[in-house]
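Fold and contact review
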Amino acid sequence: MGVIMLAIKASNVSKVFKVSKLIPSSSTFGQVHWLISLRYILGFREKRKIIALNNINLEIDEEIFGIVGPNASGKTTLLKIFSGLLLPDSGKVEVYGHDIVEEEKIVKRLVNFVGSARWITFDYHLTVRENLEFFSLIYGLEKSYVKSRINEVLGMLGLLDRQDDYVWRLSAGMRQKMSIARGLILETPILLLDEPTTGLDPLSARDLRDYIRIAVKEKKLYRTVVISSHNMRDIEDLCDKVAIIHKGRIIKCGTLDEIIRSVRGLSVIEVEGYNIPYNVCELIGRIYDVVSVNVEFKDESIGRGNIRVLTDSPERIVYKVVKALIDINCRILSLKMDKPTLNDAYMKIIGVNLYGGKTRS
Ligand SMILES: Nc1ncnc2c1ncn2[C@@H]1O[C@H](COP(=O)(O)OP(=O)(O)OP(=O)(O)O)[C@@H](O)[C@H]1O
Ligand SMILES: [Mg+2]
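The model shown is predicted, which means the values in this text are computed figures rather than measured ones.

**Notes on the site of ligand 1**
Neighbouring ligand 1 are 14 residues; Ala72, Lys75, Thr76, Thr77 and His230 lie closest to it. Between an oxygen atom of ligand 1 and a main-chain N or O atom of Ser73, the distance comes to 3.1 Å. With respect to ligand 1, the side chain of Glu195 contributes an N or O atom lying 3.2 Å from an oxygen atom. Contact with the protein chains covers 64% of the free accessible surface of ligand 1, which is 630 Å². Of all the secondary-structure elements, those providing two or more residues to the shell around ligand 1 are strand S1 (8-20), strand S2 (47-60) and helix H2 (75-83).

**Observations concerning helix H4 (residues 128-139)**
With 12 residues, H4 extends 17 Å between its outermost C-alpha atoms, agreeing within 8% with the 16 Å of an ideal straight helix rising 1.5 Å per residue. Every buried residue of H4 is accounted for by Val128, Arg129, Asn131, Leu132, Phe135 and Ser136. The arc enclosing the buried residues of H4, seen along the axis, measures out at 160°, which places them on a common side. Those residues of H4 that are exposed and aimed more than 90 degrees away from the buried face are Leu137 and Ile138.

**What about the packing of helix H5 (residues 143-156) against helix H7 (residues 202-218)?**
With their axes 10 Å apart at the nearest point, H5 and H7 run at an angle of 135° to one another. Judged by the inter-axis angle, H5 sits oblique to H7. Contacts between H5 and H7 involve Arg149, Glu152 and Met156 from the former and Asp207, Leu208 and Tyr211 from the latter. Looking at side-chain class alone, the contact of H5 with H7 contains three nonpolar, no polar and three charged residues.

**Concerning the confidence of the model for the protein**
Looking at the protein, pLDDT values average 88 and 88% of them are 70 or higher. Taken together, the stretch residues 353-361 has pLDDT below 50 and engages in 21 contacts with residues farther than four places along the chain or on a different chain.

**Digging into the packing of aromatic side chains**
One pass over the full model with this rule turns up four aromatic pairs. Between Phe122 and Phe135, the ring centres sit 5.8 Å apart and the planes meet at 85°, which makes this aromatic pair edge-to-face. In this pair, Phe122 sits in the loop between strand S6 (111-114) and H4 while Phe135 sits in helix H4, placing the two residues 13 residues apart along the sequence. Assessed through its relative accessible area of 5%, Phe122 is described here as buried. Consider the rings of Tyr278 and Phe297, whose centres lie 5.3 Å apart with planes at 55°: the pair is tilted. Highlighted residues: Tyr278 in the loop between strand S11 (267-274) and helix H10 (280-285) and Phe297 in strand S12 (residues 290-299), separated in sequence by 19 residues. Using a relative accessible area of 60% as the deciding quantity, one classes Tyr278 as exposed. Joined through ring pairs, the aromatic side chains of Phe122, Phe134 and Phe135 make up one cluster. Seen from the ring of Phe122, Arg182 lies directly overhead, with NZ or CZ sitting 4.2 Å from the centre. It is Arg182 that lies over the ring of Phe135; its NZ or CZ is 4.4 Å from the centre.

**Things to note about the pairing of strand S10 (residues 249-255)**
For a regular strand, side chains alternate in direction, first toward one face of the sheet and then toward the other. Here six bridges tie strand S9 (residues 241-246) to S10, and the two strands are oriented antiparallel to one another. Looking across to S10, one finds that Ile245 is bridged to Ile250. Count of turn residues in the S9/S10 antiparallel hairpin: two residues, of which Lys247 carries a positive phi of about 50°.

**A look at the sheet that holds strand S14 (residues 331-338)**
Sheet architecture is open: four strands sit in the order S12-S13-S11-S14, paired in antiparallel fashion. Every other strand in the sheet has two partners, leaving S12 and S14 as the edge strands with one partner each. Neighbour-to-neighbour, the strand axes of the sheet open up by a mean angle of 15°, direction not taken into account. Sheet analysis places S11 next to strand S13 (residues 304-311), joined by seven bridges and oriented antiparallel. Across the sheet, residue Glu270 finds its bridge partner in S13, namely Arg308.

**So, the sheet that holds strand S4 (residues 90-95)**
Taken in spatial order, the four strands make up an open sheet running S2-S1-S4-S5, and their pairing is antiparallel. Each end of this open sheet is capped by a strand with a single partner; those strands are S2 and strand S5 (98-99). Judged from the two bridges that link them, S4 and S5 form a sheet pairing that is antiparallel. Residue pairing for S5: Glu94 is matched across the bridge by Asp99. Contacting S1, S2 and S4, H2 crosses the sheet at an angle of about 65° to S2.

About the cut-offs
- Position numbers for residues start from 1 in each chain and track the written sequence from start to end.
- Labels are handed out in written order, letters beginning with A for the chains and numbers beginning with 1 for the ligands.
- Note on the predicted model: pLDDT of at least 70 is required for a residue's local features to be given, and 80 or more for side-chain atom pairs to be given and counted; whole-chain, interface and lining totals, by contrast, use all residues.
- Side-chain descriptors were evaluated using all non-hydrogen atoms of the structure, hydrogens and water having been removed beforehand.
- If even one non-hydrogen atom of a residue comes within 4 Å of a molecule or strand, that residue is called near it.
- Under this definition, polar contacts are N or O atom pairs within 3.5 Å; protein pairs additionally need one hydrogen-donor-capable and one acceptor-capable atom, and for neighbouring residues in sequence, both atoms have to be side-chain atoms.
- The accessible surface values rely on the Shrake-Rupley method and a 1.4 Å probe; as for residues, cover is taken only from the protein chains in view.
- Secondary structure counts use DSSP, requiring at least four H or I residues in a row for a helix and at least two E residues in a row for a strand, with both numbered from the N terminus.
- Every helix has an expected span of 1.5 Å times one less than the residues it contains.
- Only protein chains enter the accessibility calculation, which uses a 1.4 Å probe; a residue is then buried when its area is under 20% of its type maximum, exposed when over 50%, and partly exposed in between.
- Taken from the helix axis, the directions to the C-beta atoms give the arc we talk about.
- Fitted lines through C-alpha atoms give the axes, limited to the stretch in contact for helices. The angle between two N-to-C directions lies from 0 to 180 degrees.
- Note on terminology: angles under 35 degrees are roughly parallel, angles over 145 are roughly antiparallel, angles of 65 to 115 are roughly perpendicular, and the others are oblique.
- Residue contacts are defined here by distance: any two heavy atoms, one from each residue, within 4.5 Å place the two residues in contact.
- Any residue that is not Ala, Val, Leu, Ile, Met, Phe, Trp, Tyr, Cys, Pro, Asp, Glu, Lys or Arg is counted as polar, Gly included; the first ten are nonpolar and the last four charged.
- pLDDT is a residue-level measure of predictor confidence that goes from 0 to 100.
- Pairs were defined over the aromatic rings of Phe, Tyr and Trp, the Trp ring being its six-membered one, requiring ring centres within 6.5 Å. Orientation was assigned from the angle between planes: stacked under 30 degrees, edge-to-face over 60, tilted for the rest.
- A ring is considered to have a charge above it if a Lys NZ or an Arg CZ atom is located within 6 Å of its centre and within 35 degrees of its normal.
- A strand pair is defined by DSSP finding two or more bridges across the two strands.

Put into structure tokens, the structure is as follows:
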């Protein structure tokens, strides 16, 4: 019987960045400047360690796999390590059984990393199509293939009618699309997408998700896609499995069902309103039986947004929640009971609320 090989296997992967300590803010720049410069030149600068990844163990099959986590939790660092762009300080990563350090060349042919906001690497004096053709040349792709592939990718991203524009004429979202287009020209078995929908409008984000789903599940263009995102829609719509990463550690990994199971039996009180203060989660989180609170602002200038309160006793606390909001002068527009979503489960697991996502006892 043949052995089923994992697409990506990470064992005990850690990564620490060493960064120079900043100039103390209390010092008068003029007086100490030459001293600092001297120390810098002589190499005596103090170093600070940032633990980006802390003992990561992960097994990714041929599937669409999501990585979610707050800012600076280590998502990009992990994806870069999977692609061989960064090396881990310790631990081992295998791509289809090939070690990313010892078999770097093989791994680079298997994996393609598509980073976000990398549009600065484009040539601003070339058009959209010329830029993509240039990168295709670097990738060593055949001309006949390149033409149709660029058409397909630009068409999917809604950029065909702007293909002859210079890059500097594009909006920020269009440049993000260009960055994705460049990534998608290559067809490697494994595609790593780092926050691909950031900066895209909702319809473009949906089109991209549709494209990825069809490319993997129907056309079999890619065997494995690993996608990091802050947008739970990406994860819900696309992923078979998801890992939640926090402060460089995987704190939960499983199918979407398994993640949502962690909030099974709980309900959500959703309040829409305005004049919502920034510390609303802290205030509502103090109410007994509140498991976690999350607020999503839609218009920060008037504090308008939706507050979602996760609880096991909605009937008992709904009055307290409403009273607490009225007491802080919040204007309530609507109130409803809802079932917990993947995002509620994520918030509970990450524990953004004051009490670390746990019911008070
Ligand atoms: N080249 C670098 N030099 C120093 N520190 C770095 C470097 N790259 C990343 N880090 C640090 O490593 C940590 C993880 O960063 P990373 O970019 O992987 O986070 P992330 O989860 O992708 O965040 P975001 O959601 O903001 O994109 C952060 O604290 C970051 O400051
Ligand atoms: Mg990142």
